[in-house]
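# Topology and contacts: notes
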Amino acid sequence: MTQDVEKLRLDKWLWAARFFKTRALATAAISGGKVHLNGDRIKPSRDVKVGDHLSITREQTHFEVIVQALNAQRRPAKEAQLLYTETEDSIKAREQQAEVNKMLSASMHYSDKRPDKKERRQIVKFRRKQG
């Protein structure tokens, strides 16, 4: 499963641990400040070692993980989960956020029909104001 590697590029480890689908997405997230290593903002080429603490934000989900192993190759998801351990606080926070999202989606009204031309124009106008 794991290779005898002492250090590995962070973007490659994030890809191998299946936090991101591609290394390019991992690199973009690191460069965008969505990943912190031991509390510091870093570059994609920074080496990660066993025992390092990572803070990863992906879309609206936040992970706090500790690196347990290194593997330069992308393996099945079951093996990728063995590369890190998520902290208890992180797990609780993610579960609470999932519960909030579930409540919000349950209270939202969904239409049974597609928007007509007038409603589509209103949607486009609204999105332009937001962006």
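In this report, the structure presented in the accompanying data block is examined.

Rules and cut-offs
Note that residues are indexed from 1 along each chain, following the sequence as it is written. This being a predicted model, a pLDDT of at least 70 is required before a residue's local features are given, and a value of 80 or more before pairs of side-chain atoms are given or counted; all residues contribute to the totals for chains, interfaces and linings. Processing note: side-chain calculations cover all non-hydrogen atoms of the structure and skip hydrogens and water entirely. Note on ring pairs: Phe, Tyr and Trp rings are taken, using the six-membered ring of Trp, and paired if centres are within 6.5 Å. Classes follow the plane angle, with under 30 degrees stacked, over 60 edge-to-face and the rest tilted. Numbering of helices and strands runs from the N terminus, with a helix taken as a DSSP run of H or I at least four residues long and a strand as a DSSP run of E at least two residues long. Exposure classes here rest on a 1.4 Å probe applied to the protein chains alone. A residue is buried below 20% of its type maximum, exposed above 50%, and partly exposed in between. Here, any two strands with at least 2 DSSP bridges between them count as paired. Here a residue-residue contact requires only that any non-hydrogen atoms of the pair lie within 4.5 Å. In this analysis an axis means a line fitted to C-alpha atoms, helices contributing only their contacting stretch, and an angle means the value between N-to-C directions, from 0 to 180 degrees. The salt bridge definition used is simple: a Lys or Arg side-chain nitrogen within 4 Å of an Asp or Glu carboxyl oxygen.

## Quick word on the packing of aromatic side chains
Summed over the entire model, instances satisfying the criterion amount to 4 aromatic pairs. On the basis of an interplanar angle of 75° and a centroid distance of 6.3 Å, the ring pair of Trp13 and Tyr84 is categorised as edge-to-face. In this pair, Trp13 sits in helix α1 (residues 10-16) while Tyr84 sits in strand β7 (residues 84-86), placing the two residues 71 residues apart along the sequence. Given the relative accessible area of 0%, Trp13 is considered buried. A connected cluster of aromatic rings, assembled from ring pairs, spans Trp13, Phe19, Phe63 and Tyr84.

## A closer look at the pairing of strand β6 (residues 61-67)
Sheet analysis places strand β5 (residues 53-58) next to β6, joined by 6 bridges and oriented antiparallel. For His53, the partnering residue across the bridge sits in β6 and is Ile66. In this structure, β6 lies alongside β7, joined through 3 bridges in antiparallel fashion. The residue of β7 that forms the bridge with Val67 is Tyr84.

## Topic: the sheet that holds β6
Across the sheet, which stays open at both edges, the 5 strands sit in the order β3-β2-β5-β6-β7 with antiparallel pairing between neighbours. Lying at the two open borders of the sheet, with one neighbouring strand each, are β3 (40-41) and β7. As judged from the 3 bridges shared by strand β2 (residues 35-37) and β5, these two strands associate in the antiparallel manner. Of the residues in β5, the one forming a bridge with Val35 is Ile56. Strand contacts of helix α4 (residues 88-107): β6 and β7, with the helix running at about 160° to β6, the strand carrying the most contacts.

## Considering the pattern of salt bridges
Summed over all chains, the structure comprises 6 salt bridges. Arg9 is the salt-bridge partner of Asp11, the closest N and O atoms lying 3.1 Å from each other. Taking the relative accessible area as the measure of exposure, Asp11 reaches 2% and is therefore buried. By relative accessible area, Arg9 is classed as partly exposed at 33%. Measuring nitrogen to oxygen at the nearest pair gives 3.3 Å for the salt bridge that ties Lys113 to Glu119. Using a relative accessible area of 52% as the deciding quantity, one classes Lys113 as exposed.

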